[in-house]
Amino acid sequence: MDQKSKMKGEKDWGRPAGGECGGTVGTVLFMSVVPFVVGYFWLACDKFDCQVTETAIQWEKAIKYLMDALDQEVLTGFARIWNAFKIWGIWFALQVLLFLVLPAKTTLGAPTPKGHRLPYKCNGFLALLVSNIAYAVCSFYLEFFPASIVYDNWGSLLVVVNIFSFFLTGFAYFKAFVFPTNDDIKSSGSFGYDLFWGVELNPRIGPFDFKLFFNGRPGIAGWSVINLSFAAAQYRNYGYVTNSMVLVNVFELVYILDFFYNETWYLATLDIMLDHFGFYYAWGDNVWLPWMYSLQGLFLVTHPVQLSAPLVAAFVALNFFAYYVFRAVNNQKRYFRESDAQGKPYFIHGKKAEYITAHYKKPDGTTAESKLLVSGFWGLARHFNYFGDLCMALAWCLPTGFTHLLPYFYIVYMTALLLHRLHRDQLRCSSKYGQDWVKYCKRVPYKLIPYVW
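Everything quoted here is computed from the prediction, not taken from an experiment.

**Considerations on the environment of Gly-189**
Residue position: Gly-189 is located in the loop between α8 (154-178) and α9 (191-197). What makes Gly-189 partly exposed here is its relative accessible area of 38%. Separated by 165 residues in sequence, Gly-189 and Thr-24 have C-alpha atoms that sit 9.9 Å apart.

**Quick word on the state of the cysteines**
Under the criterion given, the structure shown has one disulfide. Residue pairing for Cys-45: its cysteine sulfur links by disulfide to Cys-50, the two sulfurs lying 2.5 Å apart. Residues Cys-45 and Cys-50 are joined through a disulfide that is right-handed, its torsion about the S-S bond being 110 degrees. Assigned by exposure class, Cys-45 and Cys-50 land together as buried.

**Structural notes on the nonpolar core**
Counting 110 residues, the largest nonpolar core has Trp-154, Phe-214, Trp-223, Tyr-293 and Leu-406 as the members making the most contacts within it. Sequence-distant contacts of Tyr-293, that is, excluding residues within four places in its chain, are made with Trp-223, Glu-252, Trp-288, Tyr-410, Tyr-413, Met-414 and Leu-417. Membership of the second largest hydrophobic core comes to 12 residues, among which are Phe-336, Ala-353, Trp-378 and Ala-381.

**A closer look at the packing of aromatic side chains**
Under the counting rule described, the total for this entry stands at 62 aromatic pairs. Between Trp-82 and Phe-85, the aromatic rings sit 5.5 Å apart at their centres with planes inclined by 20 degrees, giving stacked as the arrangement. Note that Trp-82 and Phe-85 are positioned in helix α5 (residues 78-101) at a spacing of three residues, about one turn of the helix. Residue Phe-85 is classed as partly exposed on the basis of its relative accessible area, which comes to 44%. For the ring pair Phe-384 and Phe-387, a centre distance of 5.4 Å and an interplane angle of 10 degrees mean the geometry is stacked. Highlighted residues: Phe-384 and Phe-387, both in helix α19 (residues 384-397), separated by three residues, approximately one helical turn.

Cut-offs applied
- Residues numbered from 1 in each chain as written.
- Predicted model: local features only at pLDDT ≥ 70, side-chain atom pairs only at ≥ 80, totals over all residues.
- Heavy atoms only, no water.
- Helix = DSSP H or I, 4+ residues; strand = E, 2+ residues; numbered from the N terminus.
- Buried < 20%, exposed > 50% of the residue type's maximum accessible area, 1.4 Å probe, protein only.
- Disulfide = S-S within 2.5 Å.
- Core = buried A, V, L, I, M, F, W, Y, C linked by side-chain atoms within 4.5 Å.
- Contact = heavy atoms within 4.5 Å.
- Phe/Tyr/Trp six-rings, centres within 6.5 Å; stacked < 30°, edge-to-face > 60°.

Dropping the structure here:
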């Protein structure tokens, strides 16, 4: 039996072609449309004063602007694309180098569907510090380039990173069939669907792990540099940096620092344990995340907002309340798992943590069990951590004021994303745990907000 037939024949895990995101037709359509969605938001800020509705109303002018931009950036403006390629290439090479050579804590991931436990080198926090220091020294002290370099080349970089991401998607698909890392692979039988969701669970080349690297670097590490570049551009334009820009930079930097400081925790998320590596991550981590998550800073470059002291205090309070909820909820589950793995009891607020034992069948037919925490925050709602996420998202958008819709894209998108994840987790756990999941849901009836929903 050949490799592809073998993958199609294994029905115990992976996605069927008629599954998520509208199946084959939906995923192909999605891959065709989303690059233009990002381009639309860039165009709205570049030509239409960040007015997303005005961009749609003047669609003929918007198309002309887009065609002219593509001509200037790609067809006749090769020098601009080449400059963007050098910027991206240097940043990408730096991130790969730091990923491979910096001291790292090696942690074993969760068992994969095929029983593998892969080692992960987690050095993202140190790499983030080195990257930001290098950017600051090279721009402010050595003056190799202006601190606003990312903002100044934002359109050209969008073209370059899109090209790279489509190449990466194709390479990941090719690798899965020609030289897979191990047998944690699954094909739906549909080229478009497999291209989007991926075939390999954990593609690697030597010590280079695709999923761990691209989920954090270069996108999330780059996010902090992007925001700093936006602040530098605002200073260049107006001679000062607004307190709203400072808040956006600080709020999002706190999240970025938290992500990398707790990088080993990320190994226990659905992103690492369940999702295969395809367009969803190859393009999403490189294009969608840095371009769409940073819209607040991009907006403030040309729409400076100086907030009153009471508003600053209110937004700071909201953000750090949200961060506390987000981190405290996730820490309870993390420490519960770590204590259980060591055979020790875990206490929350002085009481021994309670849990429900849920049984499930492994791919080899044997029975295993998971312990579902029902104490502390996890007794209030099944996804109370998402509530913290959403409050943080709101805090990041509020400093931009209330004159435009565009900088509020992030909270709208995160709401849709987390509700989809909540639904997806419900389906997965219901299928995996059966009646034990029903028992858990009766014990913890609220999905997101205690006593509300």
